[in-house]
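# Commentary on secondary and tertiary structure
The chain contents come next:
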Amino acid sequence: MRIARFSIDGNVAFGAVEGDRPDELVLDIIKGIPFADFELSGTKVPLSKVRLLPPVLPNKVVAFGRNYAEHARELGNEVPDAPFAFFKPSTSVIGSGDPIQHPSFTSDLHHEAELAVVIGRMCREVPRERVKDVILGYTCANDVTARDVQKREKQWARAKGFDSSCPLGPWVETDVDPADLTIQCTVNGQQRQLGRTSEMIHSVEDLIVNISEAMTLLPGDVILTGTPAGVGPLNVGDEVAVTIEGIGTLTNKVIKRG
């Protein structure tokens, strides 16, 4: 099931996305929220008539860096022996179609296409064999990064945590195996990144076991799993798209922060 979060006539709701052709997609409005038992209402609205929102509003976004060997090497970094985590604040999250606001404090903004895991239930110290039980589904993410700031400041709070630096969407896919999916990024239609999730050093199971050893994960929390090689610059006016096999395409345009 594809679960989208959207607004229509000033109201916010979740809906199940139905259909295959982009111009014929409809939303069957969900009674309740997707983090508990829910029913489909049978009330359907065309996707073209609503505004897609970030598919979840996470309490926290836990991101893992250098989880693809070629990406680590392209930036001159060593491949870490253990998962390497950092945080992006909830205020960094935007949805598909929302603008990425280019901050004034960077002159080297980069895209990073990533598979995002959406947590479906409160959990802590999750054993490997239970990881699938705590996952609601998967979505596309773009870990937008001020690369010059990241290098200069060494820690990554400003470089990766500024407003609009975490596009998510377009929806959550609950029925996909994340082990070997194509992940790609285009900028203005030109391919920049192309990889497979099977190239991850640490699997989805590894990452959730690792972070849940340290902290409680809440429904709607998001885990970013790292980016393949090919990261590169984004400029004002660019349109960046992240596409993941079996999930969909997340598209955002870069604008100057007003």
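Just so we're clear, the structure is a prediction, and the values are computed from it rather than from any experiment.

Rules behind the numbers
- Residues numbered from 1 in each chain as written.
- Predicted model: local features only at pLDDT ≥ 70, side-chain atom pairs only at ≥ 80, totals over all residues.
- Heavy atoms only, no water.
- Helix = DSSP H or I, 4+ residues; strand = E, 2+ residues; numbered from the N terminus.
- Rg over C-alpha atoms; globule rule 2.2 N^0.38 Å.
- Buried < 20%, exposed > 50% of the residue type's maximum accessible area, 1.4 Å probe, protein only.
- Contact = heavy atoms within 4.5 Å.
- Areas by Shrake-Rupley, 256 points an atom, 1.4 Å probe, with all protein chains shown as cover.
- Lys, Arg positive; Asp, Glu negative; His and termini not counted.
- Charge placed at Lys NZ, Arg CZ, Asp CG, Glu CD.
- Pairing = 2+ DSSP bridges.
- 1 Å grid on protein atoms, 1.4 Å probe; cavity = no way out; pocket = protein on both sides within 12 Å on 5 of 7 lines; lining within 4 Å.
- Points joined across faces, edges and corners; volume = space filled by probe spheres on them.
- Nonpolar A, V, L, I, M, F, W, Y, C, P; charged D, E, K, R; others polar.
- Salt bridge = Lys/Arg side-chain N within 4 Å of Asp/Glu carboxyl O.

### As for the overall build of the chain
In terms of helices and strands, the chain carries 4 helices and 20 strands. Against the compact-globule benchmark of 18 Å for 258 residues, the chain has a radius of gyration of 17 Å, which places it among compact chains. In terms of its C-alpha atoms, the chain occupies a principal-axis envelope of roughly 55 × 45 × 30 Å. Within the chain, the fraction of its 258 residues that count as buried is 52%. Partitioning the intrachain contacts of the chain with sequence separation of at least 6 by distance along the chain shows that 70% fall at a separation of at least 24. Here the chain displays about 11600 Å² of accessible surface, and carbon together with sulfur accounts for 48% of that area. Here the chain contributes 27 positively and 35 negatively charged side chains, and the mean placements of these two sets differ by 6 Å.

### Some words on the side chain of S165
Residue position: S165 is located in the loop between α3 (157-161) and β14 (166-173). Judged by relative accessible area, S165 falls into the buried class, the value being 0%. Once residues within four sequence positions are removed from consideration, S165 is found in contact with K88, S92, N142, D143, V144 and K160.

### Points about the sheet that holds strand β13 (residues 145-146)
Taking strand neighbours across the sheet as the criterion, the 3 strands line up as β13-β10-β18 in an open arrangement whose pairing is antiparallel. Unpaired on one side and paired on the other, β13 and β18 (232-234) mark the two borders of the sheet. One ladder, built from 2 bridges, connects strand β10 (residues 109-111) with β13; its direction is antiparallel. Counted as the bridge partner of L109 is A146 from β13.

### Examining the layout of surface pockets
For the largest pocket, the calculated volume is near 270 Å³. Contributing to the lining of the largest pocket are 18 residues, with R66, L75, N77, Q150 and W156 lying nearest its centre. Among the secondary structure elements, those contributing two or more residues to the lining of the largest pocket are β6 (61-65) and α2 (147-153). Of all the elements, α2 adds the most residues to the lining of the largest pocket, at 3 residues. Class assignment for the residues of the lining of the largest pocket results in 4 nonpolar, 6 polar and 8 charged. The wall of the second largest pocket is formed by K132, I135, L136, G137, Y138, T174, D175, V176, D177 and P178. By residue class, the composition of the lining of the second largest pocket is 5 nonpolar, 2 polar and 3 charged.

### Structural notes on the pattern of salt bridges
With the rule as written, the count across this model stands at 15 salt bridges. The partner of K44 in a salt bridge is E18, with the nearest N and O atoms 3.0 Å apart. Highlighted residues: K44 in strand β4 (residues 39-46) and E18 in strand β2 (residues 11-18), separated in sequence by 26 residues. For E18, a relative accessible area of 25% gives the class partly exposed. Note that R196 and D180 form a salt bridge whose closest N and O atoms lie 2.7 Å from each other.

### What to know about unusual backbone geometry
Here the bond from G169 into P170 is cis, since omega is 5°, no more than 30 degrees from zero. Considering the arrangement of structural elements, one finds P170 in strand β14. In this structure, E125 takes a positive phi of about 50° despite not being glycine. The topology assignment puts E125 in the loop between β11 (113-119) and β12 (135-142).

### Comments concerning the environment of C166
Secondary-structure assignment places C166 in strand β14. Overall, C166 belongs to the buried group, its relative accessible area being 0%. A sequence separation of 24 residues divides C166 from N142, and the C-alpha atoms of the two residues are 5.8 Å apart. Dropping the residues within four chain positions of it, C166 is found in contact with V61, K88, S92, V93, I94, N142 and L224.

### Regarding helix α4 (residues 204-212)
Turning to α4, its buried residues number three or more, namely V204, L207, I208, V209, I211 and S212. Next to the buried residues of α4 lie β6, β7 (84-88), β11, β12 and β17 (222-224).

### A short note on the pairing of strand β16 (residues 190-196)
Across 6 bridges, strand β15 (residues 182-187) lies against β16 in antiparallel orientation. Looking across to β16, one finds that V187 is bridged to Q190. Hairpin connection from β15 to β16: 2 residues lie between these consecutive antiparallel strands, with N188 at a positive phi of about 55°.

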